[in-house]
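Architecture at a glance
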Amino acid sequence: MFNRKKTDLRMINPTSKISLKMSCIEASNGDLAKAKELYDYFADGVDIPDYPIQKPNIVQQFTQQANEMFGWIDQNSERIMKGYNMIQMMRGGNIIPAATEAAAETVEDAIPPLPPLE
């Protein structure tokens with residue numbers, strides 16, 4: 001009479017539709033009517049994927065992190081060069097010319113002068 005099982009809402013896993021359905025069944029102790037009622041309550045107005053999203057494996061994680069790191073270096077290369085040149089100037093060493101200066105020098109060297117007009 002007093003041994004009535006309660007629904008344990010801590011067991012609900014709303015990461016995907018299938019996991020939500022399975023956790024609703026588990027939380028309602030196999031009572032499908034209660035499980036459907038719980039699922040309808042939690043899934044109403046919420047856009048969740050059908051199946052859990054797979055976590056990337058170690059190689060994919062490494063590739064993502066390497067791409068992010070090299071992207072950051074590419075975006076901040078001018079700042080890195082300026083910092084390096086500042087340290088070199090303090091030490092009295094050789095500085096690396098900026099990419100725009102080096103590109104301008106190579107363009108000037110690559111274009112031959114025009115012949116004189118007669």
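See the structure shown above.
Residues numbered from 1 in each chain as written. Predicted model: local features only at pLDDT ≥ 70, side-chain atom pairs only at ≥ 80, totals over all residues. Heavy atoms only, no water.

1. Some words on the pattern of salt bridges
Using the criterion set out here, one finds 2 salt bridges in the structure. Close ionic contact of Asp 50 with Lys 17 constitutes a salt bridge, the shortest N to O distance being 3.5 Å. With Asp 50 in the loop between α2 (32-43) and α3 (58-75) and Lys 17 in helix α1 (residues 17-27), this pair connects stretches of sequence that are 33 residues apart. (Salt bridge = Lys/Arg side-chain N within 4 Å of Asp/Glu carboxyl O. Helix = DSSP H or I, 4+ residues; strand = E, 2+ residues; numbered from the N terminus.)

2. Quick notes on the packing of α1 against α2
Each pair of packed helices can be summarised by the angle the axes make with each other and by the distance between the axes. The contact between α1 and α2 brings their axes to 8 Å, and the two run at 140°. As judged from the angle between their axes, α1 and α2 are oblique. Where α1 crosses over α2, the two elements pack in a sense that is right-handed. Residues Lys 17, Leu 20, Lys 21, Cys 24 and Ile 25 of α1 pack against Leu 32, Ala 35, Leu 38, Tyr 39, Phe 42 and Ala 43 of α2. By residue class, the composition of the contact of α1 with α2 is 9 nonpolar, no polar and 2 charged. (Axes fitted to C-alpha atoms, helices over the stretch in contact; angles between N-to-C directions. Parallel < 35°, antiparallel > 145°, perpendicular 65-115°, else oblique. Left-handed = near helix turned anticlockwise from the far one by under 90°. Contact = heavy atoms within 4.5 Å. Nonpolar A, V, L, I, M, F, W, Y, C, P; charged D, E, K, R; others polar.)

3. Considering the environment of Tyr 39
The topology assignment puts Tyr 39 in helix α2. Note: C-alpha distance between Tyr 39 and Leu 20 (19 residues apart in sequence) is 6.8 Å.

4. Section: α1
Among all positions of α1, only Ser 19, Leu 20, Ser 23, Cys 24 and Ala 27 are buried. The buried residues of α1 occupy one face: seen down the axis, they fall within an arc of 135°. Residues Met 22 and Glu 26 are exposed on α1 and point more than 90 degrees away from its buried face. Of the surrounding elements, those touching the buried residues of α1 are α2. (Buried < 20%, exposed > 50% of the residue type's maximum accessible area, 1.4 Å probe, protein only. Arc of directions from axis to C-beta.)

5. Points about α2
Counted at 1.5 Å a residue, the expected span for α2 with its 12 residues is 16 Å, and the 16 Å between its end C-alpha atoms agrees. All buried positions along α2 are accounted for by Ala 35, Leu 38 and Tyr 39. With its buried residues spanning 100° around the axis, α2 presents them on a single face. In α2, the exposed residues that point more than 90 degrees away from the buried face are Ala 33, Lys 36, Glu 37 and Tyr 41. Those residues of α2 that are buried are in contact with α1. Immediately downstream of α2, the backbone of Gly 45 shows phi near 75°, a positive value. (Expected span 1.5 Å × (residues − 1).)

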